[in-house]
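# A look at the structure
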Amino acid sequence: MHNVSSVVRSVTVRVPAKVNLQLSVGPLRVDGYHEIVSVFHAVNVYDEVIAADGVPGSGITLNMEGAGSEYLSNSEDNLVWRAATALAQYADVALDVELQVKKKIPLSGGMAGGSADAAAALVACDALWRIGLGREELDVLAARLGADVTFALHGGTAIGTGRGERLTPALISGQYHWVFAVSDEGLSTPAVYAECDRLREGREVQAPTVAEDLMAALRRGDSVAVGKAMRNDLQVASISLRPQLELVLETGLSFGALGGIVSGSGPTCAFLARDEEQALDIAAALSGSGMCSSVLHATGPAHGARVVDSGTSGSILSPR
Ligand code: ATP
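None of the values given here were measured: they were computed from a predicted structure.

## Comments concerning the domain arrangement of the chain
Examined at the domain level, the chain breaks down into domain 1 (10–170) and domain 2 (176–300). A separation of 23 Å is found between the C-alpha centroids of domain 1 and domain 2. Contacts between the two partners involve 29 residues from domain 1 and, on the opposite side, 36 residues from domain 2. Counting each side, the surface lost to burial between domain 1 and domain 2 is near 2500 Å², with a carbon and sulfur contribution of 65%. If you sort the residues of domain 1 by the area they bury against domain 2, Leu 21, Leu 23 and Val 25 come out on top, with a joint share of 22%. For the pair domain 1 and domain 2, the number of links is zero salt bridges. Between the two partners, domain 1 and domain 2, sit 17 residue pairs in polar contact (both at pLDDT 80 or more).

Written as structure tokens, this is what we have:
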């Protein structure tokens, strides 16, 4: 038996995927992480997290749909779950919430979908529970959840240092057109870093640095120069684990992309196009090539995790 206790409030947050325009990977640190310099760029491929009032005393209910969600757990392992729990503990509020995630960001694709969902869950629960955390507090919680979560909160284009969580916004001009060649089968980020270490064994690894040619090109809004300056130290490791990626990169470039790079730890390959028309041509050509499972067309920079809808509906049913 149930009785109606109150109306249900809900908050919808949209959060972007990222591509690393540069990923410079330094030596392995004693804590097991690598010191990196990353030029993060948010693109308008969005996941959505909806947080709604839960039945009092019921804890978290989590449902997921879309890209790869069938492979994710609906409990403590999920970054969305961990984000909501971390926020409730931090702000000392009751953890009764219904969370729904609509995924468009490819799973284990090097586009930080999990981090994006965690950032969205923080923003959605913060609004639902009317906590009103400031940016700095949200940043602290985000960094504890994962290195890329802070960037997903902020969006835009930014230089990340440390593990990637210390952000400095980058000055850039213009809009950039992207095509992403997505693979059905993801790559594990830790496995790609391990392969990177293996390939570098016996060699001295330099401290990571920002690519000044890339930053200058971004400031000018010179997409041709951006295309030439993009680089990713993990790319060779991703290709070593998935040799097919080299062919995907060659294919995108042969269709006229200004630059092509493995996104983060891969396996998604990101191609920069001159304009929307060329992006659509490259997307169509890649789709037809059979080299990838699907193709996404996107633009950047995109905004960070943001509330796009909030309202009330229906009612919470609580057991009598
Ligand atoms: P990154 O680019 O940050 O290295 P990625 O894009 O390659 O990450 P994700 O899709 O973020 O990969 O998934 C990374 C891992 O996080 C997966 O092993 C997945 O099981 C786990 N994970 C936990 N919660 C989520 C979530 N809500 N969405 C996606 N992955 C999640």
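Still to come is the rest of the account.
## Looking at the site of the ligand
In the vicinity of the ligand lie 21 residues, with Ser 108, Gly 110, Ala 112, Gly 114 and Thr 189 positioned nearest. Residue Met 111 places a main-chain N or O atom 3.0 Å away from an oxygen atom belonging to the ligand. Between the ligand and Asp 117, the relevant distance is 3.1 Å, taken from a nitrogen atom to a side-chain nitrogen or oxygen of the residue. For the ligand, the protein covers 77% of the area, taking 600 Å² as the surface of the free molecule. Of all elements in the fold, only helix H1 (79–91) and helix H2 (113–128) reach the threshold of two or more residues within the shell around the ligand. If you tally residues by element for the shell around the ligand, the top one is H2, at three residues.

## Considerations on the pattern of salt bridges
The final tally for this structure, using the stated rule, is 10 salt bridges. Between Arg 200 and Asp 233 there is a salt bridge, with its nearest N and O atoms 3.7 Å apart. Remark: Asp 233 occurs in the loop between strand E8 (231–232) and helix H8 (235–241) and Arg 200 occurs in helix H5 (residues 189–200); sequence separation between them is 33 residues. Because the salt bridges share partners, they merge into one network encompassing Arg 29, Asp 31 and Glu 35.

## Quick word on the sheet that holds strand E10 (residues 269–273)
Taking strand neighbours across the sheet as the criterion, the four strands line up as E9-E10-E7-E11 in an open arrangement whose pairing is antiparallel. One side of each edge strand has no neighbouring strand; the edge strands of this open sheet are strand E9 (259–262) and strand E11 (294–300). Shown here is a sheet whose adjacent strand axes are inclined to one another by a mean of 25°, direction ignored. By the bridge criterion, five bridges tie strand E7 (residues 176–182) to E10 in an arrangement that is antiparallel. By the bridge assignment for E10, Phe 180 is matched with Ala 270.

## Here we look at the packing of H1 against helix H3 (residues 135–145)
Where H1 meets H3, the axes come as close as 10 Å, and the angle between the chain directions of the two elements is 135°. In terms of their interaxial angle, H1 and H3 are classed as oblique. Note on packing geometry: the crossing formed by H1 with H3 is right-handed. Between H1 and H3, the contacting residues are Leu 79, Arg 82, Ala 83, Ala 86, Leu 87 and Tyr 90 on the first element and Glu 137, Leu 141 and Leu 145 on the second. Its residues assigned to classes, the contact of H1 with H3 shows seven nonpolar, no polar and two charged.

## A word on the packing of H1 against H2
Interhelical geometry of H1 versus H2 gives an angle of 35° and a closest axis separation of 8 Å. Between H1 and H2 lies a crossing whose hand is right-handed. Counted together, Leu 79, Val 80, Ala 83, Ala 84 and Leu 87 of H1 and Gly 114, Ser 115, Asp 117, Ala 118, Ala 121, Leu 122, Cys 125 and Asp 126 of H2 form the full contact between these two elements. When its residues are assigned to classes, the contact of H1 with H2 shows nine nonpolar, two polar and two charged.

Procedures and definitions
Residues numbered from 1 in each chain as written. Predicted model: local features only at pLDDT ≥ 70, side-chain atom pairs only at ≥ 80, totals over all residues. Heavy atoms only, no water. Domains from an automatic or database assignment. Contact = heavy atoms within 4.5 Å. Buried area = accessible area lost by both parts, 1.4 Å probe. Salt bridge = Lys/Arg side-chain N within 4 Å of Asp/Glu carboxyl O. Polar contact = N/O pair within 3.5 Å; in protein donor to acceptor, adjacent residues only side chain to side chain. Near = heavy atom within 4 Å. Areas by Shrake-Rupley, 256 points an atom, 1.4 Å probe, with all protein chains shown as cover. Helix = DSSP H or I, 4+ residues; strand = E, 2+ residues; numbered from the N terminus. Pairing = 2+ DSSP bridges. Axes fitted to C-alpha atoms, helices over the stretch in contact; angles between N-to-C directions. Parallel < 35°, antiparallel > 145°, perpendicular 65-115°, else oblique. Left-handed = near helix turned anticlockwise from the far one by under 90°. Nonpolar A, V, L, I, M, F, W, Y, C, P; charged D, E, K, R; others polar.

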